[in-house]
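# Structural overview for review
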Amino acid sequence: MPIEDSPSTMALAIKGPIHFGPFVVTPQVFHITPLSFALVNLKPILPGHVLVSPRRVVPRVSDLTPSETTDLFLTVRRVGRMVERVYGASSLNIAVQDGVEAGQSVPHVHAHIIPRKKADLDARGGTDAVYDMLDGEEGDLGSHYRRKRTRFPAVDNDERTPRSMEEMQAEASMLAKEMEAEEVD
């Protein structure tokens, strides 16, 4: 059963840092369950692009236990409903890149949840442009996290620059409040 805490008490429920692969992402987390967490994205493809990951760091879906698998996808479903509502979307892309050859850049299972609207990527090549964006340099979160030492790095794609920690924390706080309105499955 998900942990139902307000944003102010959610941090108290987190015992120790939350890792996304080798990276500490605790300030970006907006929802936690006993086995999963949801976090805002460093470089969202579209507004509201978030990630859901198991709390245990494992690289592949096949490494998840049955309980982790169930919790992960129930969390994806619940967070997806909230993101669609909050960002006024009519659809979602839900993507798991399972392994390096599939485009996974951080060796930790994670599902991308990307809210979609009619014609939102027409200027970038159409509806399916999202897949190229996930697979390309702009979707390579691992390299951006690895290069981050004291600040987020500059990137070549001016349209999708890494966000500041303050921006991500503000979004995480807002989404944590919105998760309170979402029904538990």
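Residues numbered from 1 in each chain as written. Predicted model: local features only at pLDDT ≥ 70, side-chain atom pairs only at ≥ 80, totals over all residues. Heavy atoms only, no water.

Every other side chain in a regular strand lies on the same face of the sheet, so the side chains alternate between the two faces. Here strand S5 (residues 50–54) lies mainly inside the structure; 5 of its 5 residues are buried. Pairing analysis gives 5 bridges linking strand S4 (residues 36–40) to S5, with the strands arranged antiparallel. Considered in S5, the bridge of alanine 38 is made with valine 52. In terms of strand pairing, S5 meets strand S7 (residues 111–116) through 3 bridges, oriented antiparallel. If you follow valine 52 over to S7, its bridge partner there is alanine 111. (Buried < 20%, exposed > 50% of the residue type's maximum accessible area, 1.4 Å probe, protein only. Helix = DSSP H or I, 4+ residues; strand = E, 2+ residues; numbered from the N terminus. Pairing = 2+ DSSP bridges.)

On the basis of which strands lie adjacent, the open sheet formed by 5 strands has the order S3-S4-S5-S7-S6 and antiparallel pairing. Two strands lie at the open edges of the sheet, namely strand S3 (29–32) and strand S6 (91–96), each paired on one side alone. Within the sheet, the average angular offset between the axes of one strand and its neighbour, ignoring direction, is 20°. Bridging between S6 and S7 involves 6 bridges; their strand directions are antiparallel. Counted as the bridge partner of valine 96 is alanine 111 from S7. (Axes fitted to C-alpha atoms, helices over the stretch in contact; angles between N-to-C directions.)

To continue, consider the environment of isoleucine 94. Along the chain, the position of isoleucine 94 falls in strand S6. Between the alpha carbons of isoleucine 94 and valine 50 there is a distance of 9.9 Å; along the sequence they are 44 residues apart.

Before going further, it helps to spend a moment on the confidence of the model for the protein. Predicted confidence across the protein gives a mean pLDDT of 81, with 76% of residues reaching 70 or more. Across the protein, the element-wise mean pLDDT spans from 43 in helix H1 (residues 7–13) up to 98 in S5. Across residues 1–9, where pLDDT falls below 50, the model places 22 contacts with residues more than four positions away in sequence or in other chains. In this model residues 149–158 is a low-confidence stretch, pLDDT under 50, and it forms 16 contacts with partners more than four residues away in sequence or in other chains. (pLDDT = per-residue confidence, 0-100. Contact = heavy atoms within 4.5 Å.)

Another point: the packing of helix H2 (residues 66–86) against helix H5 (residues 165–180). Contact geometry for H2 and H5: axes closest at 10 Å, N-to-C directions at 110°. Taken together, the axis directions place H2 and H5 in an arrangement best described as roughly perpendicular. The segment H2 lies against H5, with Arg78, Val79, Met82, Arg85 and Val86 engaging Met174, Leu175, Glu178 and Met179. A breakdown of the residues in the contact of H2 with H5 according to their chemical character gives 6 nonpolar, no polar and 3 charged. (Parallel < 35°, antiparallel > 145°, perpendicular 65-115°, else oblique. Nonpolar A, V, L, I, M, F, W, Y, C, P; charged D, E, K, R; others polar.)

A few words on H2. The end-to-end C-alpha distance of H2, which contains 21 residues, comes to 30 Å, matching closely the 30 Å that a straight helix rising 1.5 Å per residue would cover. Turning to H2, its buried residues are Glu68, Asp71, Leu72, Thr75, Val76, Arg78, Val79, Gly80, Met82 and Val83. In the core, the buried residues of H2 are packed alongside S3, S4, S5, S6, S7 and H5. Directly beyond the C-terminal end of H2, a positive phi value near 65° is found at glycine 88. (Expected span 1.5 Å × (residues − 1).)

Membership of the largest hydrophobic core comes to 22 residues, with the highest contact counts inside it found for Phe30, Val50, Val52, Val79, Met82 and Leu175. Sorting the residues of this core by element identifies S4, S5, H2, S7 and H5 as the ones contributing at least two each. Beyond its immediate chain neighbours, meaning those up to four positions away, leucine 175 contacts Phe30, Val40, Val50, Met82, Val86 and Tyr87. Of all hydrophobic cores here, the second largest spans 10 residues; its members include Ile18, Ile32, Phe37 and Leu51. (Core = buried A, V, L, I, M, F, W, Y, C linked by side-chain atoms within 4.5 Å.)

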